[in-house]
Amino acid sequence: MRNPEVLKQIYLDANATTPVLPSAAAAAMKTMETMFGNPSSSHVCGLQAKEIMVQSRRKAVEVLGAGAGQVIFTSGATEGIQTGILSALYAAKSQIKVGEQYSILYGATEHKAVPESLKHWNRILEIDAKIVAIPVDERGTLDMAFIAREVPNALMICTMAVNNETGVYQDLLLLEKTIRTSNPNVYWMVDCVQALGKTKMDLANISIDYAPFSGHKLYGPKGIGFVYIREGAPFTPFIAGGGQESGLRSGTENLPGLAALSVIFDEILGLGEKQFSPTSVLKQFRAQLALSLKHAFPTVVFNHSFDNSVPTTLNFSIPGFTSKEIMDLFDAANIRVSSGSACSSKVTRSFVLDAMGLAQWQSESAIRMSFGPAMTQHQIDAACERIQHCAQALGHSCLLRADGAIDEREELEGLLQLKVGGSCTWLYADKRTHSAVVIDPLPELSNRLLTILQCQKLSLIAAIDTHGHADHISGRVALAQTHLADQECDELGWPLNSASNTFEGQSFNYIEFGEHCLVHVATPGHTSDSISLLLCDKSEFFKGNLVPRFTFCGDLVLMGSVGRTNFESSNASAMYDSLRSLAKLTAKQGLLCPSHDYHNEFVTTFDVELNRNALLQSVIDAQISADEFISAKTALDKHIDDEQGSEIMCGAFIEPCSRVKVSEYDSDSLAVRMQSHHNIKLIDIREPHEYALSHDQSFNNNVPLTRLANFIAQQSYKKGEEIILVCRSGSRSQVAANALTRLGFEHVGHLKGGYALSH
C-alpha cells in the first residue's frame with residue numbers, strides 16, 4: 001500500500017496517554033543498558049540502581065509537597081487506586097458498628113476505575129456499604145451540600161483533582177473544609193492523575209489520605225506510577241511478596257520507569273531541559289485552539305467552562321455531528337483526539353457530561369482535545385491549520401458550509417442513507433435535473449439535509465414519511481418550510497396534486513423527478529397510515545412495468561424481522577395483506593430500504609429475507625392464514641424490549657443476525673493477492689470528506705457507507721467481481737463486507753485493521 005502524501009500526525013489526546021519525552025526515554029534506555037542492577041542487591045551494581053530509586057522518590061516528594069507522607073512506586077494509577085481503597089476500607093471495617101448503615105462516596109464524574117474498584121473491595125471485604133455517587137452541577141463542581149449531608153455516615157470518600165474528560169478541577173481546600181467539618185475521620189482519596197504537571201501540589205498541607213498518580217499521562221512510560229500515603233493514614237499492602245518498597249509494595253522495582261520518571265520530575269521542578277511551558281502559555285494554546293474550532297465550526301459548543309478547568313483540555317460538541325463522525329474526520333486528517341475516556345472508548349455517550357446535566361446531543365457528540373505541558377507553539381499552529389482543513393473537507397462532502405473546500409464539491413447522484421441510531425433517512429438525488437426526494441426525514445438530520453440540498457443546489461420535490469413515527473417527530477416540517485412552503489400534501493408529506501397511473505387494475509399515485517417515478521403504495525399494518533414508496537424508471541413505469549429499483553418500505557419489512565403490530569394504530573391482519581401485495585406488486589425485485597436498520601445491514605431484498613425469516617416466507621407463500629399470522633405476530637411482538645435504548649424498537653429480533661464469512665487481509669497478504677489477481681476492485685468505504693483528506697492511492701474508488709445502498713443497486717448484475725474494502729480501523733469495512741456478502745456478492749474481503757495497521 002502506498003500513500004505518498006501522508007499528513008504528519010498531530011497528537012491531541014494527551015489525557016489518554018502521552019509520548020515519552022526523548023530525554024526520559026534516553027534515561028530509561030541507559031538504565032536498561034548500564035544501570036540494570038536489582039535495587040535489593042548489595043553489590044555496586046545494585047547500590048547504583050538503588051540510588052536511582054532514592055533520587056526518584058526524593059524528587060517525587062518534592063513535586064507533591066508530600067512532607068512526611070510516603071510515596072510508593074506502583075505499576076500505574078489503577079494499582080494506586082486499589083492500594084488506597086483497600087487500605088481505607090480494610091481499616092474502616094474494624095470500626096463498623098453492628099446494625100448501622102454506612103456509605104462510600106465518590107464523585108459522579110470520577111474515572112470508572114474508582115467506582116468499579118469500590119464495588120469490588122466492598123464486596124470482597126464483605127463491608128456491604130452503600131456506594132453513592134456525589135452529584136455535580138453543570139460546571140462539573142461537586143455538590144458540597146450533598147457531601148456535608150452524606151459524609152458523616154461515610155467510611156470513605158473519593159474525589160478527583162482534575163477530570164480526565166473535561167479538565168474541570170475541584171477546589172480541594174473547600175472540599176477538605178466540607179469533609180472534615182462533617183467527618184474528621186473519614187478516609188479521603190483524591191485521583192490526582194490529571195493534575196500532575198498541570199497544577200501545583202502541596203499534599204502535606206491538606207488532609208488527603210491517598211493520592212494515585214500515573215507516569216504515562218505525563219510523558220513517562222507505561223507501567224510506572226506512584227501513590228501518596230498521608231502520614232498516619234492506615235495502609236495495607238496490595239501486593240505482598242519479596243518485601244520491596246520497605247514491605248509496602250512487593251515486586252522488583254521498575255528501574256527504567258523510575259529513571260524516566262526522574263526526568264519528568266526534573267521538568268516539573270524546573271531542573272530539566274525546560275520542555276514544559278508555564279500555565280500562562282498553556283492558556284494561550286487553549287485559546288488558540290478554541291478560536292480555530294470556532295472559526296472552522298461556527299456552531300461548536302464547549303462542554304465545560306474554561307474558568308474552572310486546566311488549560312490542557314478542551315471538550316466540545318458540534319451540532320449535527322456524532323462524536324464518531326468527528327473522530328473519523330480528525331483521524332483522516334491525522335489529528336488524534338478522543339470521544340471521552342480512552343478506558344471506555346466504546347461508550348457512545350459521555351457519563352461525565354450526563355452527570356453534569358448537559359443535553360443528550362452534547363453527550364453523544366462530545367470530543368476531547370487534550371495536550372500536555374510539553375506542547376509547542378509550532379505544534380499548536382499546525383493543529384489549528386489542520387482543523388481548518390477538516391472543515392474544508394466537510395464542505396467537500398456538503399456537510400458543512402465552508403469556504404476554500406478541498407478541490408471541488410462532489411456532486412451527489414443516486415441514493416444517500418443517513419442514520420441516527422437505528423433509524424434511517426433516505427435522500428435520492430437526480431444529478432441531471434438537480435432534484436431530490438427525502439424519505440423518512442429525522443429531525444436530528446434536518447440541518448444536515450438542508451445543508452446538502454443547498455450545497456448541492458438540489459430542488460426538493462417532496463419530503464415524505466412512510467408512516468407516523470411513534471419514536472420521533474418528523475423532520476419534514478423544517479424541510480417543507482424552506483423548500484416546499486407552497487406544496488399541498490397529506491399528513492405524511494405526499495403531494496396532493498400527484499398524478500395517477502393504473503397497473504394491473506390498480507390505480508397508483510406517483511410523482512416524477514428526472515428519469516424516475518416515485519410510486520405511492522398503501523401498506524397498512526405497522527400503523528394504519530403506513531405506505532411504501534417505489535422508486536422506478538419512468539419510461540418503464542409508463543410502459544406498465546412496475547419494477548422498482550428501491551422500495552422504501554418503512555417498517556413493513558425490517559432486516560431479520562417484520563414491523564411490530566402492537567401499537568394502538570397497528571393491524572396485523574392488514575400487515576399480512578400488505579406483505580403479500582407488496583411482494584406481488586414488485587415481483588420481489590429491487591432493494592428494500594426500511595425505516596430502521598438496527599444491525600448495520602443497510603438494505604435487503606425479499607429473497608434474502610425469505611431465506612432467513614420463516615414467518616415472512618410462510619406469509620408470502622400463503623402457507624399460513626391471516627389469523628395464523630396474527631397469532632404468530634402477537635407472540636413475536638412479546639420479544640420486543642423498548643428498554644434497550646432511547647428509541648422504540650420497531651420489530652422483534654429473537655435471534656442475533658447471522659454472521660457471514662468474508663475474507664480478511666493484512667498488507668502483506670493483500671499485496672500477494674493483488675499480484676495474482678489483477679481485476680480486484682479496491683474500495684475505500686470511508687465518507688468523502690475522510691477520503692479527500694487522505695487515502696491510499698491503491699484504493700482509488702470511494703464508496704462511503706452512506707452510499708453503499710446505491711453501490712449495491714449499481715452492482716446488482718456484477719456480484720461475481722472480487723471486491724476488497726478498506727476503512728480507518730477495519731470496523732466499517734467489515735460491516736460493509738458482511739452486508740455485501742449477505743446480499744449475494746460472491747468475492748468480498750476487507751483489510752483487517754484498516755489504514756491504522758497497514759503501514
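Residues numbered from 1 in each chain as written. Predicted model: local features only at pLDDT ≥ 70, side-chain atom pairs only at ≥ 80, totals over all residues. Heavy atoms only, no water.

A. Summary view of the overall build of the protein. Along the backbone of the protein there are 23 helices and 29 strands. Its C-alpha radius of gyration of 31 Å places the protein within 12% of the 27 Å reference for a compact globule of 759 residues. Counting only C-alpha atoms and orienting by the principal axes, one finds that the protein spans roughly 95 × 65 × 50 Å. Counting every position in the protein, which comprises 759 residues, the buried fraction comes to 57%. Long-range contacts, defined here as pairs at least 24 residues apart, represent 68% of the contacts in the protein between residues at least 6 apart. Accessible area for the protein stands at about 31900 Å²; split by element, carbon and sulfur atoms hold 50% of it. Mean positive and mean negative side-chain charge positions of the protein (63 and 82 charges, respectively) differ by 5 Å. (Helix = DSSP H or I, 4+ residues; strand = E, 2+ residues; numbered from the N terminus. Rg over C-alpha atoms; globule rule 2.2 N^0.38 Å. Buried < 20%, exposed > 50% of the residue type's maximum accessible area, 1.4 Å probe, protein only. Contact = heavy atoms within 4.5 Å. Areas by Shrake-Rupley, 256 points an atom, 1.4 Å probe, with all protein chains shown as cover. Lys, Arg positive; Asp, Glu negative; His and termini not counted. Charge placed at Lys NZ, Arg CZ, Asp CG, Glu CD.)

B. Main features of helix 12 (residues 377-396). With 20 residues, helix 12 extends 29 Å from end C-alpha to end C-alpha; this agrees with the ideal 28 Å at 1.5 Å per step. Of the residues making up helix 12, those classed as buried are I380, A383, C384, R386, I387, Q388, C390, A391, A393, L394, G395 and H396. C398 sits one or two residues past helix 12 and shows a positive phi near 60°. (Expected span 1.5 Å × (residues − 1).)

C. Spatial organisation of the pairing of strand 16 (residues 459-464). As judged from the five bridges shared by strand 15 (residues 435-439) and strand 16, these two strands associate in the parallel manner. Within strand 16, the position partnered with S435 by the bridge is S459. Handedness of the crossover joining strand 15 and strand 16 through helix 13 (residues 446-455): right-handed. (Pairing = 2+ DSSP bridges. Right-handed = clockwise from strand over helix to strand, strands pointing away.)

D. A look at the pairing of strand 28 (residues 722-726). Here strand 28 lies mainly inside the structure; five of its five residues are buried. Relative to strand 28, strand 26 (residues 681-684) is paired through four bridges, and the arrangement is parallel. Across the sheet, the residue bridging to D684 is V726, located in strand 28. Relative to strand 29 (residues 747-751), strand 28 is paired through four bridges, and the arrangement is parallel. Counted as the bridge partner of E722 is H747 from strand 29. For the crossover from strand 28 across helix 23 (residues 731-742) to strand 29, the handedness is right-handed.

E. Quick peek at the confidence of the model for the protein. Overall, the prediction assigns the protein a mean pLDDT of 91, with 94% of residues at 70 or greater. Considering only residues more than four positions removed or in separate chains, one finds that residues 341-347, a stretch of pLDDT under 50, has eight contacts. (pLDDT = per-residue confidence, 0-100.)

F. Fine view of the sheet that holds strand 9 (residues 301-302). Here three strands make up an open sheet; going across it, the order is 9-10-12 and the pairing antiparallel. The sheet is open, and its two edges are formed by strand 9 and strand 12 (367-370), each paired on a single side. By the bridge criterion, two bridges tie strand 9 to strand 10 (residues 313-317) in an arrangement that is antiparallel. The partner of F302 across the bridge, within strand 10, is F316. Its contacts with the sheet place helix 8 (residues 279-296) against strand 9, strand 10 and strand 12, and it is angled at close to 15° to strand 10. (Axes fitted to C-alpha atoms, helices over the stretch in contact; angles between N-to-C directions.)

G. A look at the packing of helix 8 against helix 12. Running from N to C, helix 8 and helix 12 cross one another at 10°; their axes reach a closest spacing of 9 Å. With respect to helix 12, the axis of helix 8 lies roughly parallel. Listed contacts from helix 12 to F285, Q288, L289, S292, L293, H295 and A296 of helix 8 are Q377, I380, D381, A383, C384, I387, Q388 and A391. Of the residues belonging to the contact of helix 8 with helix 12, the class tally is nine nonpolar, five polar and one charged. (Parallel < 35°, antiparallel > 145°, perpendicular 65-115°, else oblique. Nonpolar A, V, L, I, M, F, W, Y, C, P; charged D, E, K, R; others polar.)

H. A look at the sheet that holds strand 21 (residues 548-554). The strand order across the open sheet formed by six strands is 17-18-19-20-21-24, and the pairing between neighbours is mixed. Sheet topology places strand 17 (499-503) and strand 24 (591-594) at the edges, where each strand pairs with a single neighbour. Across the sheet, the mean angle separating the axes of adjacent strands is 30° when strand polarity is ignored. Judged from the four bridges that link them, strand 20 (residues 531-537) and strand 21 form a sheet pairing that is antiparallel. Within the sheet, the bridge partner assigned to L535 lies in strand 21 and is F550.

I. Examining the state of the cysteines more closely. One pass over the structure, following the stated rule, counts one disulfide. Between the sulfur atoms of C398 and its disulfide mate C455 the distance is 1.9 Å. Note on the C398 and C455 pair: the S-S dihedral is about -60°, so by sign convention the disulfide is left-handed. Residue C398 is found in the loop between helix 12 and strand 13 (414-420), and its partner C455 is found in helix 13; the two are separated by 57 residues along the sequence. The exposure class assigned to C398 is buried, which follows from its relative accessible area of 1%. Residue classification places C455 among the buried residues on the basis of a relative accessible area of 18%. The closest cysteine sulfur to the non-disulfide-bonded C192 is located on C158, 12 Å from its own sulfur. (Disulfide = S-S within 2.5 Å.)

J. Region of the structure containing the pattern of salt bridges. Scanning the model with the defined rule gives 27 salt bridges in all. The salt bridge involving D328 is made with R732; its shortest N-O contact spans 3.5 Å. Taken together, the residues D328 in helix 9 (residues 323-332) and R732 in helix 23 connect sequence positions 404 residues apart. For R732, a relative accessible area of 12% puts it in the buried group. It is possible to trace a salt-bridge network through shared partners that takes in K324, D328, D331, R336, E690, R728 and R732. (Salt bridge = Lys/Arg side-chain N within 4 Å of Asp/Glu carboxyl O.)

K. Looking closely at the nonpolar core. Within the largest apolar cluster, 61 residues are counted, with the highest numbers of intra-cluster contacts made by L64, I147, I157, L203, F213 and F226. Per element, the largest residue contribution to this core is eight residues, and it comes from helix 7 (residues 255-269). Not counting the four nearest positions on each side in its chain, I157 is found in contact with L105, I134, I147, V151, I179, V186, Y187, W188 and M189. One finds A332, L412, L458 and L479 within the second-largest nonpolar core, a separate group that totals 56 residues. (Core = buried A, V, L, I, M, F, W, Y, C linked by side-chain atoms within 4.5 Å.)

L. Broad picture of the packing of aromatic side chains. One pass over the full model with this rule turns up 17 aromatic pairs. For the pair Y219 and F276, a centre-to-centre distance of 5.6 Å together with 45° between the ring planes defines the contact as tilted. In this pair, Y219 sits in the loop between strand 7 (210-214) and strand 8 (225-229) while F276 sits in the loop between helix 7 and helix 8, placing the two residues 57 residues apart along the sequence. For Y219, a relative accessible area of 7% translates into the label buried. Looking at F276, the relative accessible area reads 15%, which means it is buried. Ring centres of Y510 and F542 lie 5.6 Å apart, and the angle between their planes is 75°; this geometry places the pair in the edge-to-face category. In this pair, Y510 sits in strand 18 (residues 506-513) while F542 sits in helix 15 (residues 538-542), placing the two residues 32 residues apart along the sequence. (Phe/Tyr/Trp six-rings, centres within 6.5 Å; stacked < 30°, edge-to-face > 60°.)

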